[in-house]
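Here are the chains, one letter per residue:
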Amino acid sequence: MTTERVKCLIIGSGPAGYTAAIYASRANLSPVMYEGLQPGGQLTTTTDVENFPGYPQGVSGTQMMEDMRAQAARFGADIRFGIATHADLKAAPYKITIDGSTVIEAETVIIATGATAKYLGLQDEQKYAGMGVSACATCDGFFYRKKVVAVVGGGDTACEEAIYLAGLASKVYLIVRKPYLRASKIMQERVMQHEKIEVLFETNTVGLFGENGVEGVNLVKRWEQPDEERYSLAIDGFFLAIGHHPNSDIFKEYIDTDEAGYIVTEGSSPCTKVPGVFAAGDVADPHYKQAITAAASGCKAAIEAERYLAEKGLM
Ligand code: NDP
């Protein structure tokens with residue numbers, strides 16, 4: 001194990017992590033950032049971001065993350081590949097193990113590890129992983145040009161993915177377990193009006209089938225109701241868009257999380273109950289989960305880290 005001492009360690013590289021890196025660099029905290037499994041975070045798997053102020057024409061999620069990364073690097077943030085595999089937050093300096101081989105001893109830690117896509121828990125999802133099952137339409141949609149796909153979920157992500165896929169596929173089924181969509185009104189309208197998208201309300205997925213990959217999905221309409229109806233549809237691709245799991249597992253021994261695993265911070269601040277350890281972005285946000293709110297919380301976390309270091313005389 002190699003050991004390195006830093007003033008400010010940022011774990012994760014979505015809008016929260018990069019914004020924290022921009023602010024921490026400009027405050028002379030010499031931040032070291034580990035980008036995690038998916039550099040750029042979830043936004044690199046979305047299509048256009050239309051609601052981030054300052055982009056009147058919208059911007060691709062990947063481009064926005066590249067821009068934020070370049071901005072952080074310009075001010076001197078030390079951005080590295082690597083995944084935090086273990087955390088010891090008993091006492092400062094906090095010890096974070098990277099890739100099981102390097103220990104970073106950090107006076108302050110900003111946790112910006114985001115959230116990971118959820119699956120339904122069907123055995124068939126594993127069976128057909130990489131063979132027709134995906135949790136990322138923008139990553140895998142290209143393979144389904146002029147084919148038939150299904151998207152599961154009724155939130156903004158599901159609607160966004162359905163619309164994206166409808167630009168490639170010949171037909172998109174949106175499988176929604178409730179009799180209504182949870183997504184924002186504008187996304188609901190876009191989905192309902194799209195000629196290639198058919199919304200299957202009150203429908204649950206119970207399995208997938210196919211010889212060498214997904215060829216169809218088994219569905220149940222009005223699950224366990226007297227008029228329950230079981231049927232199958234021929235599809236080529238099956239996309240999950242049913243929400244996310246916060247990536248907080250390695251920190252749970254030391255900081256509070258809610259029942260879903262989201263890190264609990266003090267009020268609207270990024271402060272956890274461990275002094276000098278802050279949480280920003282989706283890993284601590286069960287409510288808003290927007291690029292702009294993640295960026296804002298990354299800014300707050302860096303400002304809090306700076307204040308903490310100044311109070312401790314560690315600047
Ligand atoms: P949400 O939690 O909002 O929605 C999840 C959807 O998946 C719900 O329709 C839910 O159904 C359904 N679901 C959950 N579990 C299952 C299951 N086991 N079987 C079938 N369906 C299931 O997650 P999203 O990822 O869509 O959005 C998260 C947040 O991010 C939201 O606040 C959203 O507004 C925001 N967002 C904003 C975007 C934007 O502004 N451009 C883009 C994408 C997301 P049910 O309703 O029955 O619980």
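A quick note: this is a predicted structure, and the numbers were derived from the prediction, not measured.

So, how was this worked out
Residues numbered from 1 in each chain as written. Predicted model: local features only at pLDDT ≥ 70, side-chain atom pairs only at ≥ 80, totals over all residues. Heavy atoms only, no water. Domains from an automatic or database assignment. Contact = heavy atoms within 4.5 Å. Buried area = accessible area lost by both parts, 1.4 Å probe. Salt bridge = Lys/Arg side-chain N within 4 Å of Asp/Glu carboxyl O. Polar contact = N/O pair within 3.5 Å; in protein donor to acceptor, adjacent residues only side chain to side chain. Phe/Tyr/Trp six-rings, centres within 6.5 Å; stacked < 30°, edge-to-face > 60°. Buried < 20%, exposed > 50% of the residue type's maximum accessible area, 1.4 Å probe, protein only. Pairing = 2+ DSSP bridges. Helix = DSSP H or I, 4+ residues; strand = E, 2+ residues; numbered from the N terminus. Axes fitted to C-alpha atoms, helices over the stretch in contact; angles between N-to-C directions. Arc of directions from axis to C-beta. Core = buried A, V, L, I, M, F, W, Y, C linked by side-chain atoms within 4.5 Å.

Quick word on the domain arrangement of the chain
Assigned domains of the chain: these are domain 1 (2-116 + 244-311) and domain 2 (119-240). Computed from C-alpha atoms alone, the centre-to-centre distance between domain 1 and domain 2 is 32 Å. Listed as interface residues are four residues of domain 1 and, on the opposing side, seven residues of domain 2. Per-residue buried area on domain 1 facing domain 2 is highest for Thr45, Thr47 and Glu50; these three make up 74% of the total on that side. In this assembly, domain 1 and domain 2 are joined by one salt bridge. Here Arg190 ties to Glu50 by a salt bridge, and the two come within 3.5 Å at their closest N and O atoms. In this structure, the connection of domain 1 to domain 2 is made through zero residue pairs in polar contact (both at pLDDT 80 or more).

Some thoughts on the packing of aromatic side chains
Using the criterion set out here, one finds three aromatic pairs in the structure. A centroid spacing of 6.2 Å and a plane angle of 65 degrees characterise the contact between Phe52 and Tyr55, whose relative ring orientation is edge-to-face. Residue class for Phe52 comes out buried when judged on its relative accessible area of 14%. Geometrically, the ring pair formed by Phe142 and Phe143 is edge-to-face, given 6.2 Å between the ring centres and 75 degrees between the ring planes.

Notes on the sheet that holds strand S16 (residues 229-234)
The strands that make up a sheet pair up through hydrogen bonds in the backbone, lying either parallel or antiparallel. Ordered by their spatial adjacency, three strands build an open sheet running S14-S15-S16, and the pairing between neighbours is antiparallel. Each edge of the open sheet carries a strand with a single partner, namely strand S14 (203-209) and S16. Put simply, the sheet's adjacent strands are angled 25 degrees from each other on average, direction ignored. Direction of pairing for strand S15 (residues 216-221) relative to S16: antiparallel, over a ladder of six bridges. Of the residues in S16, the one forming a bridge with Val220 is Arg230.

Some details on helix H5 (residues 156-166)
Along an α-helix, a turn takes 3.6 residues, which lines up residues three or four apart on a common side. Residues Ala158, Cys159, Glu161, Ala162, Leu165 and Ala166 constitute the buried set of H5. With its buried residues spanning 165 degrees around the axis, H5 presents them on a single face. On its buried side, H5 packs onto helix H4 (137-140), strand S11 (148-152), strand S12 (171-175), helix H6 (185-193), strand S13 (197-200) and strand S17 (237-240).

Focus: the nonpolar core
Counting 58 residues, the largest nonpolar core has Leu9, Leu89, Ile96 and Ile110 as the members making the most contacts within it. Top contributing element to this core by residue count: helix H7 (residues 291-311), with eight residues. Discounting chain neighbours no more than four positions away, the residues touching Leu89 are Tyr94, Ile96, Phe251, Tyr254, Ile255, Val274 and Val277. Formed by 21 residues, the second largest nonpolar core is a distinct cluster that contains Cys159, Leu174, Leu181 and Ala183.

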